[in-house]
Amino acid sequence: MQIKISDVADLPSRFGDFNVQAFKQGQKEHLVICAKELAEVPIVRVHSECLTGDAIGSLKCDCRDQLEYGLQMADETGGMVIYLRQEGRNIGLLNKINAYALQDKGLNTIEANHQLGFAADERTYEVVTFILHHYNIKKIKLLTNNPDKVNSISGVEIVERIPIIMKPNKHNEGYLDVKRDGMGHLL
Ligand SMILES: Nc1nc2c(ncn2[C@@H]2O[C@H](COP(=O)(O)OP(=O)(O)OP(=O)(O)O)[C@@H](O)[C@H]2O)c(=O)[nH]1
Ligand SMILES: [Zn+2]
């Protein structure tokens, strides 16, 4: 895997003072947001890009709340957020919006991906292993409800899975039900 790595820069933010570093994998530019002092076994949040949630504040998913919670935890506990550019579970923004349009017609999030010719989840996590090795991190506590992430992240010991359960709203209830019943999320 050919990965270009940026220098480390300061990033004061509304969630705390972090260091940031970019990792470029092919066309994808991922971002590591890291506490100034990492805990020995840091809490790590592996976040998948969701432009509609993270930037626009969409209520169709729980991504923005999870991102903010992950950054708060990183600040409070000496942890790290790895922001992966895997928009739409890695089908890309244009396809995700097409999937949303199919959901407007009654398909659920999994059926919509299938209708477009994709697996329910197209993400992979090799770059996470690369990043954690780069920071010489051997053990982590992983902040996730997704057992797939626990099983797919290799090369480091996940000593604990910490749930990241956000309060549902009327727009994302159905989506969260499908994540629990159709995708095995521990909600
Ligand atoms: N294809 C597709 N992607 C979606 C949809 N809704 C959210 N996403 C993407 O799903 C990703 C977030 O995944 P989630 O399933 O919410 O959470 P997770 O990362 O698997 O699990 P957690 O670690 O527990 O949060 C982001 O890349 C979003 O853009 C959808 O309806 N269709
Ligand atoms: Zn989202």
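Just so it is clear, the structure is predicted and the values come from calculations on it, not from any experiment.

A. The nonpolar core, seen in detail. Core analysis: the biggest nonpolar cluster contains 30 residues, and I33, V44, M80, I82 and V128 have the highest contact counts within it. Those residues in contact with I82 that lie beyond four places of it in its chain are H30, V32, V44, V46, H47, V128 and I131.

B. Broad picture of the site of ligand 1. Neighbouring residues of ligand 1: 22 residues in total, closest S48, C50, T144, N145 and N146. Of all elements in the fold, only α2 (63-77), α3 (87-90), α4 (93-104) and α5 (109-115) reach the threshold of two or more residues within the shell around ligand 1. Looking at the shell around ligand 1 element by element, the count peaks at three residues for α3. Split by residue class, the shell around ligand 1 holds six nonpolar, 10 polar and six charged. In this structure, the shell around ligand 1 is formed jointly by two domains, domain 1 (3-86 + 123-183) and domain 2 (88-119), each of which donates at least three residues.

C. Highlighting the environment of L142. For L142, the position within the fold is in strand β7 (residues 139-143). For L142, a count of 20 C-beta atoms within 10 Å translates into the label buried. Considered as a pair, L142 and I153 are 11 residues apart in the sequence and their alpha carbons are 9.8 Å apart. Leaving out residues up to four positions away in the same chain, L142 has contacts with V44, K149, V150, I153, I158, R161 and I162.

D. Main features of α2. Helix length check: α2, at 15 residues, gives a terminal C-alpha distance of 21 Å against a target of 21 Å (1.5 Å per residue), a fit within 8%. Where α2 is concerned, the buried positions are C63, Q66, L67, G70, L71, M73 and A74. Axial view of α2: buried residues confined to an arc of 160 degrees, hence all on one face. Packing partners of the buried residues in α2 comprise β4 (28-35), β5 (43-48), α1 (51-55), β6 (80-84) and β7. Two residues or fewer past α2, G78 is found with a positive phi of approximately 75 degrees.

E. Structural detail: the UniProt feature "domain: GTP cyclohydrolase II" (unreviewed entry) in the protein. With numbering matched to this structure, UniProt assigns "domain: GTP cyclohydrolase II" (unreviewed entry) to residues 9-163. In the segment residues 9-163, helix accounts for 37% and strand for 29%; the C-alpha atoms at its two ends are 30 Å apart.

F. Examining the domain arrangement of the protein more closely. For the protein, the assigned domains read domain 1 (3-86 + 123-183) and domain 2 (88-119). Inter-centroid distance (C-alpha atoms) of domain 1 to domain 2 is 22 Å. Contacts between the two partners involve eight residues from domain 1, matched on the other side by six residues from domain 2. With four residues, helix α8 (residues 173-183) is the largest single contributor of residues to the side of domain 1 that touches domain 2. Of the residues in the side of domain 1 that touches domain 2, the class split is four nonpolar, three polar and one charged.

About the cut-offs
- Residues numbered from 1 in each chain as written.
- Chains lettered and ligands numbered in written order.
- Predicted model: local features only at pLDDT ≥ 70, side-chain atom pairs only at ≥ 80, totals over all residues.
- Core = buried A, V, L, I, M, F, W, Y, C linked by C-beta atoms within 7 Å.
- Buried ≥ 20, exposed ≤ 12 C-beta atoms within 10 Å, placed from the backbone.
- Contact = placed C-beta atoms within 7 Å.
- Near = placed C-beta within 6 Å.
- Helix = DSSP H or I, 4+ residues; strand = E, 2+ residues; numbered from the N terminus.
- Nonpolar A, V, L, I, M, F, W, Y, C, P; charged D, E, K, R; others polar.
- Domains from an automatic or database assignment.
- Expected span 1.5 Å × (residues − 1).
- Arc of directions from axis to C-beta.
- UniProt positions renumbered as here; feature names shortened; annotations may be inferred.

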